[in-house]
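What follows is the residue order along each chain.
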Amino acid sequence: MDFELSASEEAFRQEVRDFLKENLPPPRERGPNFLSEWLTKVRAKRWVGFSWPKEVGGGGGSIIEQAILKEEMALAKAPPLGMSMMGLAWVGPGIIQYGTDEQKQRFIPDILDSKVTWCTGYSEPNHGSDLAAIQTKAELTADGKHYVVNGQKIWTSLAPWADWIILLTRTQFDVDVKHKGITCLLVDMKTPGVEVRPIENMAGDRHFAEVFFTNAKVPVENRLGKEGEGWMVTVSALANERSSIGEVTQLYDKLDTLRDLVKRSKKNGQPASNDQSTRRRIAEFEAKIAAMKYNGMRYLTKQLKGEPLSSETSVNKLHRASLEIDMDDFAVALSGAAGLELAGGAEAVDKGKWAKASLGWPNVVIGGGTPNIQRNIIAERILGLPKDGSD
Ligand SMILES: Cc1cc2nc3c(=O)[nH]c(=O)nc-3n(C[C@H](O)[C@H](O)[C@H](O)COP(=O)(O)OP(=O)(O)OC[C@H]3O[C@@H](n4cnc5c(N)ncnc54)[C@H](O)[C@@H]3O)c2cc1C
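Given the structure is predicted, the values throughout are model-derived calculations rather than measurements. Position labels on residues start from 1 in each chain and follow its written sequence. For a predicted model such as this one, the threshold for reporting local features is a pLDDT of at least 70, and the threshold for listing and counting side-chain atom pairs is 80 or more; totals across whole chains, interfaces and linings nevertheless cover every residue.

**Student:** A description of the overall build of the chain should follow, citing residues and the corresponding values.
**Tutor:** For the chain, the helix and strand inventory stands at twelve helices and ten strands. For the radius of gyration, the atoms used are the C-alpha atoms, and the globule rule reads 2.2 Å times the number of residues raised to 0.38. The globule rule puts the C-alpha radius of gyration for 391 residues at 21 Å, and the 22 Å found for the chain is close to it. In this scheme the burial state of a residue depends on its C-beta neighbours within 10 Å: 20 or more other such atoms mean buried, 12 or fewer mean exposed, and anything in between means partly exposed; the C-beta positions come from the backbone. Looking at the chain as a whole, 32% of its 391 residues are labelled buried. Residues are treated as contacting if the C-beta atoms built from their backbones sit within 7 Å of each other. Of all intrachain contacts in the chain linking residues separated by at least 6 positions in sequence, the fraction that spans at least 24 positions is 67%. Secondary structure follows DSSP: runs of H or I at least 4 residues long count as helices, runs of E at least 2 residues long count as strands, and numbering of each begins at the N terminus.

**Student:** Residue-level account of the nonpolar core, with values.
**Tutor:** The nonpolar core is taken to be a set of buried Ala, Val, Leu, Ile, Met, Phe, Trp, Tyr and Cys residues joined by way of C-beta atoms within 7 Å. By size, the foremost hydrophobic cluster in this structure holds 56 residues, and its most contacted members are Ile165, Leu185 and Val187. No other element matches strand S7 (residues 208-219), which puts six residues into this core. A domain assignment, automatic or from a database, supplies the domain bounds used here. Counting residues domain by domain, this core receives three or more from each of domain 1 (7-82) and domain 2 (118-228). Counting 13 residues, the second-largest nonpolar core is a separate cluster that includes Leu258, Phe285, Ala331 and Ala357.

**Student:** An account of the site of the ligand is needed here, citing residue identities and associated values.
**Tutor:** Looking at the ligand, there are 21 residues lining it, with Tyr122, Gly128, Ser129, Thr370 and Asn372 nearest. Its residues placed into classes, the shell around the ligand shows seven nonpolar, 13 polar and one charged. The residues that make up the shell around the ligand include at least three from each of domain 2 (118-228) and domain 3 (246-382). Throughout this description, a residue near a molecule or strand is one whose C-beta atom, derived from the backbone, lies within 6 Å of it. The classification used treats Ala, Val, Leu, Ile, Met, Phe, Trp, Tyr, Cys and Pro as nonpolar, Asp, Glu, Lys and Arg as charged, and all other residues, Gly among them, as polar.

**Student:** A description of the domain arrangement of the chain should follow, citing residues and the corresponding values.
**Tutor:** Taken domain by domain, the chain holds domain 1 (7-82), domain 2 (118-228) and domain 3 (246-382). Just the C-alpha atoms count here: the centres of domain 2 and domain 3 sit 31 Å apart. At the junction of the two partners, domain 2 supplies four residues and domain 3 supplies six residues.

**Student:** Just give me the short version of unusual backbone geometry, but keep the residues and values in it.
**Tutor:** With a phi angle near 70°, Leu158 is a residue other than glycine that sits in the positive phi range. In this fold, Leu158 is placed in the loop between strand S3 (146-157) and strand S4 (164-170). For Leu158, a count of 17 C-beta atoms within 10 Å puts it in the partly exposed group. Non-glycine residue Asp350 carries a positive phi angle of around 45°.

**Student:** How would you explain the environment of Glu341 if you had to name every residue and give the values?
**Tutor:** The residue Glu341 is located in the loop between helix H9 (313-334) and helix H10 (353-359) in this model. Residues Glu341 and Lys317, 24 residues apart in the sequence, show an inter-C-alpha distance of 28 Å. Those residues in contact with Glu341, other than ones at most four positions away along the chain, are Glu347, Ala348, Gly352 and Ala355.

**Student:** So what's going on with the packing of helix H1 (residues 7-23) against helix H3 (residues 63-75)? Residues and values would help.
**Tutor:** The description of two packed helices rests on the angle between their axes and on the distance between the axes. Orientation is described by axes fitted as lines to C-alpha atoms, over the contacting stretch for helices, and by angles from 0 to 180 degrees between their N-to-C directions. Interaxial distance between H1 and H3 falls to 10 Å at its minimum, and their mutual angle equals 30°. As judged from the angle between their axes, H1 and H3 are roughly parallel. Like other packed secondary-structure pairs, H1 and H3 cross with a definite hand, here right-handed. Side by side, H1 and H3 meet where Glu9, Phe12, Arg13, Val16, Arg17 and Leu20 of the first sit next to Ile64, Glu65, Ile68, Leu69 and Glu72 of the second. When its residues are assigned to classes, the contact of H1 with H3 shows six nonpolar, no polar and five charged. Our angle categories are set so that under 35 degrees counts as roughly parallel, over 145 as roughly antiparallel, 65 to 115 as roughly perpendicular, and the remainder as oblique. In a left-handed crossing the near helix is turned counterclockwise from the far helix by less than a right angle, and in a right-handed crossing that turn is clockwise.

The following block contains the structure:
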């Protein structure tokens, strides 16, 4: 990969910096309408869905420009470019790749305008890692106008307040290979027969849920891709998820706050910033983030050549999981007993932020696929090793 930016890419970086200077006041100067004004302004610049085609309302930006935009936004600690997180990260790209023209017109503008929240209904109680074995059933009605959905999803992030769900169902059970017979549906969460039961995690958040489907009728025009070919849609969505998980700018941000914590902390009665082992850990974190950054550039290179991302994104997903755990646990250990206190605790450090992050490890470790599964993918599909469990 060529690390030098072209003149027009440099000019674009400057444009983003100028915009930020003009439109991003320091946090304490932001009024109650700041976020909605910000979202309107970045949308007017076509920076939401910036790399999506102009025909669907995106910015038509190049992949490199998209990377520049994200980097500058993260460096400036700017708010997100849109509030439809899953919509922007993988539902929208999935609809652009596999959707009909009607679906693009119907769903993409609302994602770009932050009008809808999407959630992802893949995992089931007995089928998480072994996702292709899902059992949620979708049956076509006799008149061919609807699918009737019955089954259960679990760990569905954002489901308690999501408007729509991208849902993986099984339309055929007598298949020779389990990856066949799977169909992807776009389902309105207000559909009768859809019930959401929030689950509380150990940090006290209720951001994911069990979602039950009982004779929920979904119009056939809400099928994404062909019937029985939902696995393809999912594989591309998961690669998008793992590639977005691979973004490093927010890890640099986290490292900055960790450095700040070190400067405020003591070790053995001395400033922690003078302690050799503490300094070494910080350097180690920085080196690991850099490794992730340069590995991420391999993905960029592949995309620039017009090749879709697949198994390789598991490398950064795996790397990030252990790195984030190490950083959070390091912050908790550095703060002593007070580091364990959540928000509201008498001595909570940084309003309990580190304790909460440390307890929230399943987000980065399990969400999007467990480390064992990532290792299997790397071993089998990248390194060409025999399948796990084979002699
Ligand atoms: C914070 C969070 C958010 C999530 N958000 C969503 C969401 O929005 N939508 C959604 O659909 N799902 C979501 N999930 C679910 C997540 O994708 C699954 O939990 C994950 O894929 C693991 O599946 P499982 O829980 O069924 O565990 P299992 O698959 O039962 O795994 C249990 C253990 O067995 C190991 N294991 C399983 N199979 C193998 C194998 N073949 N080889 C080696 N080891 C194996 C696993 O690594 C793990 O350690 C979320 C999970 C979390 C924690």
